[in-house]
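Take a look at the letters that make up each chain.
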Amino acid sequence: MVPKPSSSTTAKSVVARPLPPLPKLRVRRPNKPEINPCLGIMTSVLGCWASSGYSVQGCAQVEQQLRACMDAPRPTTQKKNTINYHLSRMYPKIIGPHKRD
């Protein structure tokens, strides 16, 4: 058996380093595209076709649900995420006062 190092030796080897200053706060891709609402129904249709051998009789109801979902109008406007705007407003308060050159 290999002896475990004592807790005092491992605590000494860990050194807390200060983080470098951030030039700005930013979230990389805040506006993620919405997931297609018909994706679950499409999966059900494909599973039904795979289990029933592509017969129309067994999957007619699920196919009608998929057609209704695909024909439904989708909202065209997507709300823009405002996280980067608020981070840029709050950044001076986070970094605190600093000297001006």
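Scroll up to find the structure this text is about.
Residues numbered from 1 in each chain as written. Predicted model: local features only at pLDDT ≥ 70, side-chain atom pairs only at ≥ 80, totals over all residues. Heavy atoms only, no water.

(A) Molecular detail of the overall build of the protein. A tally of helices and strands in the protein yields four helices and zero strands. Scanning the protein from its N terminus toward the C terminus, one meets helices and strands in the order α-α-α-α. Residue burial in the protein is summarised as follows: out of 101 residues, 9% are buried. Long-range pairs, those at least 24 residues apart, make up 75% of the contacts in the protein with a sequence separation of at least 6. Carbon together with sulfur atoms contributes 60% to the accessible area of the protein, which is approximately 9,900 Å² in total. (Helix = DSSP H or I, 4+ residues; strand = E, 2+ residues; numbered from the N terminus. Buried < 20%, exposed > 50% of the residue type's maximum accessible area, 1.4 Å probe, protein only. Contact = heavy atoms within 4.5 Å. Areas by Shrake-Rupley, 256 points an atom, 1.4 Å probe, with all protein chains shown as cover.)

(B) Inspection of the environment of Cys-69 at higher detail. Mapped onto the fold, Cys-69 is located in helix 3 (residues 56–71). In this structure the C-alpha to C-alpha distance between Cys-69 and Ile-41, which are 28 residues apart in sequence, comes to 8.3 Å. Setting aside anything within four residues of it in sequence, one finds Cys-69 in contact with Pro-37, Cys-38 and Ile-41.

(C) Expanded view of the state of the cysteines. Enumeration according to the criterion identifies two disulfides in this entry. The side chain of Cys-38 participates in a disulfide bridge whose partner is Cys-69; the two sulfur atoms lie 2.0 Å from each other. Taking the sign of the torsion about the S-S bond as the criterion, the disulfide between Cys-38 and Cys-69, at about -95°, is left-handed. Taken together, the residues span a long stretch of sequence, with Cys-38 in the loop between helix 1 (7–13) and helix 2 (39–52) and Cys-69 in helix 3 at a distance of 31 residues. As far as the burial class goes, Cys-38 and Cys-69 line up, both buried. Sulfur-sulfur distance for the disulfide between Cys-48 and Cys-59 comes to 2.0 Å. Handedness of the Cys-48-Cys-59 disulfide follows from its S-S torsion of about -95°: it is left-handed. (Disulfide = S-S within 2.5 Å.)

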